[in-house]
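Letter by letter, the chains look like this.
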Amino acid sequence: MSKRVLHAAYQRYFSPGISAQMYQEQQAADELGIVWHSRLFTSESHVSTDVVCRDLSSDGAAKSDFYSWLTRMSEDYDIVLLRHLPADYGEFCFLKRSKIPVLLMHHTLEVPELIGSLNVKSLAKAAIEAVVAPQCIRQAYGIVSVTEEIAQYQIQRSGFPMNKSIVYPNGIRMDGSIAHEDGRTGAVPRLIFVSSYFHPWQGLDRVIYSARSFEEDFVVDVVGDVHDNDARAAFGDARFVFHGALDNKRVAAMLSKSWLALSSFALDRKNMKQACTLKVRQYLSHGVPVYATHLDVFPRSFPYFKVGSCNLSDMVDFAKNMRFVSREDVRKTSRPYIDKTILLRGCYERLMALDGL
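These lines cover the structure that appears in this document, whether it is placed above or below. Everything quoted here is computed from the prediction, not taken from an experiment.

Right, let's get into the overall build of the protein chain. Secondary structure summary: the protein chain contains 13 helices and 13 strands in total. For 357 residues, the compact-globule formula gives about 21 Å, and the C-alpha radius of gyration of the protein chain, at 21 Å, lands near that figure. Taken along its principal axes, the extent of the C-alpha atoms in the protein chain is 60 × 45 × 40 Å. Counting all 357 residues of the protein chain, 53% fall into the buried class. Relative to all contacts within the protein chain whose residues are 6 or more apart in sequence, the contacts with residues 24 or more apart total 67%.

Put into structure tokens, the structure is as follows:
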């Protein structure tokens, strides 16, 4: 029997990225005809139906207001899927008093990620998260994670039963239209590396370092805000072109020219071997193959996500192999693994099959 699901997330300040994720999920749910409402509680109003605004103060949305709102909203649903708030005892209190089943949604290995930030506030949060989160997980009805590695991490730190764990990978809406324009020209391999900000775990520094021992021609278009250290490391190497932050239209134009796209190269800096990043899905939805040093949800037989070492020689070789692969073939082959509607259908079916729901 189908049930009514509320997927709720909190952010003190508005995030376009999370907003877009929730909105695309809501579109997928509407397409599937299931009662699944994705809502983001934040501090800034927005036209999309995915955002619920309750606090417009300059201090941001209050967590107490969020839990009050969530308690009221949950009265109209059978299940709540709650995006985990690290180091938050209020989450435990909500879980304990909830009258309906609540599953926690996890997007990362929380403690290692907080420790990796290497600042006093994050280290304090990591200590609190290490104590509070296992209690929250044990109080929840189930856990939902974007990768198997994250699911295993939550199970191991809480002793939670494996039969109430669901893997629900990140996805992107694919409208079924033909592939985007193919603007690949010339004989010089063109690679693209996109991030809103190049945190240490993106590994841009490792890519730059690898180029020092590789003399062939290539171009890496670096899109996003870059730390000064990385910019200095690439100084004098014209093969790295730094564009700064670009809007979606300009990123799409650059992707059309790219032979290959780059994902993360230093997830080990937050003790991760597996990731499920939105940028990989965006690359593939544009028909651009991907190279990374981490695992994703794709099977080994999947030809358009190459896992290798952070070695520019290997990246360029793979780019050359992918040079004449059609954009549409990449999109079509990728779709079962990245399409939000397909992934949401699978998650909903697994959710409905959980014992006791």
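On we go from here.
Residues F193, F240, L262, L284, L312 and M315 are the most contacted members of the largest nonpolar core, which totals 47 residues. In terms of nonpolar packing, the next biggest core, distinct from the first, is built from 30 residues, A28, I34, Y348 and L354 among them.

Checked against the element boundaries, N163 lands in the loop between α6 (148-158) and β7 (165-167). N163 gets classed as exposed once you look at its relative accessible area, which sits at 53%. Along the sequence, N163 and L354 sit 191 residues apart, while their C-alpha atoms lie 7.9 Å from each other.

Contact geometry of helix α12 (residues 327-338) with helix α13 (residues 340-353) gives a least axis separation of 6 Å together with a crossing angle of 30°. Compared by their axis directions, α12 and α13 come out roughly parallel. Listed contacts from α13 to R335, P336, Y337 and I338 of α12 are K340, I342 and L343. Along the lines of polarity and charge, the residues of the contact of α12 with α13 split into five nonpolar, no polar and two charged.

Further remarks concern the side chain of Q274. By the secondary structure assignment, Q274 is in the loop between β11 (260-262) and α10 (278-285). With relative accessibility at 15%, the residue Q274 sits in the buried group. Leaving out residues up to four positions away in the same chain, Q274 has contacts with T147, E148, E149, L267, L295 and D296.

What counts, and where the lines are drawn
- Residues numbered from 1 in each chain as written.
- Predicted model: local features only at pLDDT ≥ 70, side-chain atom pairs only at ≥ 80, totals over all residues.
- Heavy atoms only, no water.
- Helix = DSSP H or I, 4+ residues; strand = E, 2+ residues; numbered from the N terminus.
- Rg over C-alpha atoms; globule rule 2.2 N^0.38 Å.
- Buried < 20%, exposed > 50% of the residue type's maximum accessible area, 1.4 Å probe, protein only.
- Contact = heavy atoms within 4.5 Å.
- Core = buried A, V, L, I, M, F, W, Y, C linked by side-chain atoms within 4.5 Å.
- Axes fitted to C-alpha atoms, helices over the stretch in contact; angles between N-to-C directions.
- Parallel < 35°, antiparallel > 145°, perpendicular 65-115°, else oblique.
- Nonpolar A, V, L, I, M, F, W, Y, C, P; charged D, E, K, R; others polar.

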